[in-house]
Amino acid sequence: MRLPSDLPPRAPKPRRAKRRLSGRARIVIAIGVGLLVVLFLSARGIAGFYTDYLWYDALGYRSAFTGVLGAKIALATIFTLGFAALCTLNLALADRSTPVADGLAGDETFLERYQSLAGGRVWALRIGVSLLFGLIAGLPAAAQWQSWLLFTNAQSFGVEDAQFGQDVGFYVFRLPFLTFVVDWLFAAFVVILIITAVAHYLNGGIRLQVQQRRVSAHVKLHLSVLLAVLALLRAVGYWLQRYELTTSNRGFVEGAGYTDVNAQLPAIELLAIISVLAAVLLIVNVRQRGWRLPVIAVGLWGLVAVVAGTIYPAVVQRFQVQPAESRREQPYIDRNIQATSAAFGLDEITDIDHAGAELTEEQAEAAQEQLRDVRLLEPTIAADTFQRQQGLRTDYVFNDVDVDRYDVNGRLEQVMISARELNLANIPQRTWEGRHLAYTHGYGVAMAPAGRVTQDGFPVYLTSANDPSAGVTQPALYFGEGLDEYSVVATERDEVTIGTGAEEGSSRYQGTGGVKLDSRIRRAAFALRFGEYNLFGSGLITEESRILYVRNVRDRVKMLAPFLHFDADPYPVVLDDGRIVWVVDGYTTTGRYPYSATADTTDLHPDSGLQHSFNYVRNSVKATVDAYNGDVDFYVVDPQDPIIRAWQSAFPKLFQPQEAAAPALQAHFRYPEDQFRVQTNMYALYHVKDPAAFFQGQRFWNVAPEPPAENVSRVVPTQGPAGTGVTPDSSRLGRFEPYYTMLQSQDGEREFVLLRPFVPVSEGDRRQELVAFMTVSGNPESYGRLTVYRMQPSDGALPEGPLLVDAGIKETFNRDLTLEDQQGSTVRFGDMQVLPIDNALAWVRPWYVQANSGNPLPRLRSVTVTVGRQSDIGPSLEGALRAAFPGATFTIETRPEGANTTAPPEEEGESGGEQEPTDPSTPPTSGPEGEPEGIEELLARADQAYSEAQDALADGDVARYIEMLEEAAQLAAQAASLATGEPVTATTEPEVSA
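Since we're looking at a predicted model, the values are computed, not measured.

1. Structural notes on the overall build of the protein
- Tallying secondary structure elements over the protein gives 27 helices and 32 strands in all.
- Per-residue burial for the protein yields a buried fraction of 53% across its 994 residues.
- Contacts in the protein between residues far apart in sequence, at least 24 positions, make up 70% of those at least 6 positions apart.
- About 44300 Å² of surface is accessible on the protein, with carbon and sulfur atoms providing 54% of the total.

2. Comments concerning the packing of aromatic side chains
- On inspection of all chains with the given rule, the structure shows 48 aromatic pairs.
- Residues Phe-79 and Trp-184 carry aromatic rings whose centres are separated by 4.7 Å and whose planes lie at 80 degrees to one another, so their mutual orientation is edge-to-face. Taken together, the residues span a long stretch of sequence, with Phe-79 in helix α3 (residues 62–96) and Trp-184 in helix α7 (residues 168–203) at a distance of 105 residues. Each of the two residues, Phe-79 as well as Trp-184, counts as buried.
- In this structure an aromatic cluster arises from ring pairing among Tyr-61, Phe-563, Phe-634, Trp-647, Phe-651 and Phe-655.
- Its end group placed over the ring of Phe-151, Arg-174 keeps NZ or CZ at 5.1 Å from the ring centre.
- It is Arg-234 that lies over the ring of Phe-186; its NZ or CZ is 5.8 Å from the centre.

3. Thoughts on the packing of helix α9 (residues 258–284) against helix α11 (residues 325–343)
- Between α9 and α11, the shortest axis-to-axis distance is 8 Å and the interhelical angle comes to 100 degrees. Taken together, the axis directions place α9 and α11 in an arrangement best described as roughly perpendicular. Contact with α9, carried on its side by Tyr-258, Val-261 and Asn-262, involves Arg-328, Glu-329 and Tyr-332 of α11 and no other residues of that element.

4. Brief notes about the confidence of the model for the protein
- Chain-level pLDDT for the protein is 84 on average; 81% of the residues reach the 70-or-more range.
- Across residues 100–106, where pLDDT falls below 50, the model places 6 contacts with residues more than four positions away in sequence or in other chains.
- Under a pLDDT of 50 for its full length, residues 982–992 has, in the predicted model, 38 contacts with residues more than four places off or in other chains.

5. Topic: the environment of Tyr-406
- With respect to the helices and strands, Tyr-406 occurs in strand β4 (residues 402–408).
- Between the alpha carbons of Tyr-406 and Met-416 there is a distance of 9.9 Å; along the sequence they are 10 residues apart.
- At 3.0 Å, the side chain of Tyr-406 forms a polar contact with the backbone nitrogen of Val-574.

6. A closer look at the pairing of strand β18 (residues 632–636)
- Extensive coverage of β18 is indicated by the burial of 4 of its 5 residues.
- For strand β17 (residues 616–626) and β18, the ladder comprises 5 bridges, and the chain directions are antiparallel. Residue pairing in the sheet places Ala-623 in a bridge with Phe-634 of β18.
- With 3 bridges joining them, β18 and strand β19 (residues 655–657) adopt parallel strand pairing. Each residue of the ladder has a partner; that of Phe-634, found in β19, is Phe-655.

7. Some details on the side chain of Glu-751
- For Glu-751, the location among the structural elements is in strand β24 (residues 750–760).
- Look past the residues within four positions of Glu-751 in its chain and what remains in contact with it is Thr-741, Met-742, Leu-743, Ser-745, Ser-777, Asn-779, Ser-782 and Arg-785.

8. Regarding the pattern of salt bridges
- Applying the stated criterion to the full structure yields 36 salt bridges.
- Note that Asp-373 and Arg-411 form a salt bridge whose closest N and O atoms lie 3.1 Å from each other. Of this pair, Asp-373 sits in the loop between α13 (368–371) and α14 (379–390) while Arg-411 is found in strand β5 (residues 411–422), placing the two residues 38 residues apart along the sequence. The same class applies to Asp-373 and to Arg-411, which are both buried.

9. Remarks on helix α2 (residues 43–59)
- Over its 17 residues, α2 runs 24 Å from end to end, which matches the ideal 24 Å to within 8%, given 1.5 Å per residue.
- Those residues of α2 lying buried are Ala-47, Gly-48, Thr-51, Leu-54, Trp-55, Tyr-56 and Leu-59.
- Those residues of α2 that are buried are in contact with α3, β12 (515–516), α16 (520–530), α18 (553–560) and β18.
- Of the residues trailing α2, Gly-60 is marked for its positive phi of about 85 degrees.

10. Some words on the nonpolar core
- Of all hydrophobic cores here, the largest spans 218 residues; its most connected members are Phe-634 and Phe-655.
- Every residue in contact with Phe-655, bar those within four places of it in the chain, is listed here: Phe-563, Leu-564, Val-621, Phe-634, Val-636, Ile-644, Trp-647 and Gln-648.

11. So, unusual backbone geometry
- Despite not being glycine, Asn-409 has its phi angle at roughly 55 degrees, a positive value.
- Examined against the element boundaries, Asn-409 turns out to sit in the loop between β4 and β5.
- Residue class for Asn-409 comes out partly exposed when judged on its relative accessible area of 47%.

12. Comments concerning the sheet that holds β12
- The strand order across the open sheet formed by 3 strands is β9-β13-β12, and the pairing between neighbours is antiparallel. If you trace the sheet from one side to the other, it starts and ends with β9 (487–489) and β12, each paired once.
- The sheet contact formed by β9 and strand β13 (residues 546–548) spans 3 bridges and is antiparallel. Pairing of Ser-487 across the sheet is with Leu-548, part of β13.

13. Some thoughts on the environment of Phe-173
- Tracing the backbone through its elements, the reader meets Phe-173 in helix α7.
- Among residues more than four places away in sequence, those in contact with Phe-173 are Ser-147, Leu-150, Phe-151, Ala-154, Gln-155, Phe-157, Pro-642, Ile-643 and Ala-646.

14. A short note on a nonpolar patch on the surface
- A contiguous nonpolar surface patch, about 700 Å² in accessible area, is contributed by Leu-277, Leu-300, Leu-303, Val-306, Val-307, Ile-311, Val-315 and Phe-319.
- Here Leu-277 lies in helix α9.

15. Some words on the environment of Pro-691
- Residue position: Pro-691 is located in helix α22 (residues 691–696).
- Each C-alpha atom of the pair Pro-691 and Asp-334 lies 5.4 Å from the other, and the pair is 357 residues apart in sequence.
- Those residues in contact with Pro-691, other than ones at most four positions away along the chain, are Gln-330, Ile-333, Asp-334 and Ile-337.

16. Focus: the pairing of strand β16 (residues 580–590)
- For β16, the tally of buried residues reaches 11 of 11 residues, placing the bulk of the element in the interior.
- Burial along β16 is two-sided: Ile-580, Trp-582, Val-584, Gly-586, Thr-588 and Thr-590 facing one way and Val-581, Val-583, Asp-585, Tyr-587 and Thr-589 facing the other are all buried.
- Strand direction decides the pairing type here: strand β14 (residues 565–566) and β16, joined by 2 bridges, are antiparallel. In the strand pairing of β16, His-565 is matched with Tyr-587.
- Counted along the chain from strand β15 (residues 571–574) to the antiparallel partner β16, the turn is 5 residues long, and its residue Gly-578 has a positive phi close to 90 degrees.
- Sheet topology note: the β16/β17 ladder contains 9 bridges and is antiparallel. Residue pairing for β17: Thr-588 is matched across the bridge by Arg-618.

17. Some details on the packing of α7 against helix α8 (residues 217–244)
- Across the interface, α7 lies against α8 with an axial gap of 10 Å and an inter-helix angle of 160 degrees. Relative to α8, the element α7 lies roughly antiparallel. Both α7 and α8 take part in a crossing whose hand is left-handed.

18. Quick notes on the side chain of Gln-675
- Looking at where Gln-675 falls in the secondary structure, it is placed in helix α21 (residues 673–686).
- Setting aside chain neighbours within four positions, we find Gln-675 in contact with Tyr-587, Leu-610, Arg-618 and Asn-619.

Cut-offs used in this document
- Residues numbered from 1 in each chain as written.
- Predicted model: local features only at pLDDT ≥ 70, side-chain atom pairs only at ≥ 80, totals over all residues.
- Heavy atoms only, no water.
- Helix = DSSP H or I, 4+ residues; strand = E, 2+ residues; numbered from the N terminus.
- Buried < 20%, exposed > 50% of the residue type's maximum accessible area, 1.4 Å probe, protein only.
- Contact = heavy atoms within 4.5 Å.
- Areas by Shrake-Rupley, 256 points an atom, 1.4 Å probe, with all protein chains shown as cover.
- Phe/Tyr/Trp six-rings, centres within 6.5 Å; stacked < 30°, edge-to-face > 60°.
- Lys NZ or Arg CZ within 6 Å of the ring centre and 35° of its normal.
- Axes fitted to C-alpha atoms, helices over the stretch in contact; angles between N-to-C directions.
- Parallel < 35°, antiparallel > 145°, perpendicular 65-115°, else oblique.
- pLDDT = per-residue confidence, 0-100.
- Polar contact = N/O pair within 3.5 Å; in protein donor to acceptor, adjacent residues only side chain to side chain.
- Pairing = 2+ DSSP bridges.
- Salt bridge = Lys/Arg side-chain N within 4 Å of Asp/Glu carboxyl O.
- Expected span 1.5 Å × (residues − 1).
- Core = buried A, V, L, I, M, F, W, Y, C linked by side-chain atoms within 4.5 Å.
- Patch = residues over 30% accessible without salt bridge, like charges linked within 9 Å, V, L, I, M, F, W, Y side chains within 5 Å.
- Left-handed = near helix turned anticlockwise from the far one by under 90°.

Here is the structure:
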């Protein structure tokens, strides 16, 4: 047997040749892998884009989505390809002018390397470089989509500017985009010049290491043409810059002043001429040796820019204008006054001379219908009361209390209204299912007449805690002010709502709002958008389920119309059919109205859409959002506004005329507070129409300071201008907030108006007399009518303004305030309201008292009526009027007996809901011994109760302290009521009609 080692070796098996991928296959695989990586990283962004499209489509505004997107894509494409084409053309010209190798010297080796690297890929290299820089330059142009749409849909204002005779529409619609295009072209040609110069260097046309001619003739021609184009673009830029002077702020007022017109404008025109001359010299220089002529042109341009563009205007301003500024600037001040008045809608104001006399007894008795419109409820104070008395559950919240008007028992009255919205922070079930499937909506509204209170000083609700949906057919609120999270409705999970007797119940969404989750792709897209797997994997979601998102009404309308600015205060409206809709005021603004002053936005809410710089504004749009379905409508209420006409032209399917809104909805359109704040701020100066008086500034006004809501008088012990012995110190006070109220106009019409008073401008706000007040109508037939009541007293002595009236009230009733405003309670004041009745004035201000312990609520305690310098107080408006006019008869039922006295649950230190009414307006019928008590007995008992309250406070018995303090205040008020002889009347709970 042979050993294995003796056997011949086996022949090796042939190895299989490894298949190597071709270069093209590797490129394809690399591209595929790269696309997958990009797709993975961009998945959430793509999902967001897709779900946004679904959102617009569900609302029926797909055209708004595609319109904005199309404008952005068009701009980015045009400017990208435009830059790429220009760059490619210049690179091709650079390659064609490549010189023959005539003594390349030290650059020869480098150029040979570049040529070998480029090889046959020259065109690919040109296009690649051009597209790369084109994307960098072109993509940012998409941000100019608003300017582009306004440019292509420009409208005429029908008004020409005073300097150049151009229609205002040119400045608003044309100039911004033209300026952008010229600036973009200038920047683009600078980049192209640099790229072209580099290409010429790589091709050998520019040689840095030779001693003779470093730039070839062809290269010099090419670069000279590019520089000439830059010079011409600069000339066009200067020409457009002339129009920017119409919004200059160099002079005494905004707009082109004396220096701008007589120094700056000629300098700009001269610079434009020099720029054209420089372009000509650059072309002529092609036949010259060196760059002497272009250097001369650039030097001349720089000299003129410094001397004529900067030094000369400064010299004119200092030595010609300032010594005679009032005369030099007078025509330009007149332009500013006219333009500002037109831009802010202050050019059609009704001026009424008002005597500002003291209200007489006969006038007061004859004006009881007007006095019935006085508002006793303060929105900021009522918010806590609404929450406690009508909140129903901790997961409901009243975010804001608004003032509107409704038909109550056949009479149009002011009401306080607030939506009962969902408060996700307080829901008992904090799981994903609880937050997004179970607790999905708020419920109904709370509403109370603004001029009535219960015997306990609480609102008289038109909707009760036991029936919060009274008058509302669809009380579920899926869209509102404070809803920032999504909800999924129509699922297998019941939604939590209000059941019988305000107990917890269940419901299912039956509406058409939101986006249907009827496919796995949609569910996956929303899961990616919100980063929540349950949207894809939850078994509770069916094909009939809908996802509701962008539920905040301001965000909702802003997403649909990002080119509008929206008010900070949406408000709910209950329509005749019982539906609830939100109304959001939309504004159009611009900062390019020639000669108009920049808006004074003092006191605007930080979230206001007007919190930016502008010099023209219109409340052109009322947007509505259905609280159940989320449907959005945009109604154009000012078709005379050219800016909204331009947007209508750009988005014809987005807007509807005001006439398309239901009459019941139009009846609840309010004039917006934000616009009225701006208008009154501007009118404080621009009521002065004479340029000379405007320059002196002695007739300017200020919006009156707001009297403090706490028991503090901002006064200093010096003689005031009105002879009151005190001068208000307003240094730490904000300006008077405009308030809604019902007033009777001069033609006898009851108007729902906004009102704001003015005082004269003075150093340190020392002068606080009432010089005027402005109102604006919210009635459908007179909507937007501005009226100014100018005080024209017969004796020349202006009536007291709100701060002086406040100081007088607190001085007169210092003892009452001391009794009420002890350590255990706080006095809070409602709005100071002025009542113009015939040729007379009266001021009304409600008082609230709130205990400091436990969780108390403010109650209306008293009302003051001020006529002239005399203030009177009563437990109700009627009581105060009887004290002011003891000989008159009044039947104003503002604190009725037996009305709704719904109060919050009883808590420590606070009386509860089922207690007997403690109306201080009702005097006791008998004393402890059964005999009628007189005023002296009542005051003695009040003093005794006050002493017991102090003893209880010393012993630390807070509950007893508050009880006795309340009793002392009640007895004192009963004594005042007995002194005035005010009767106690009964009424029933009113009915409301939306």
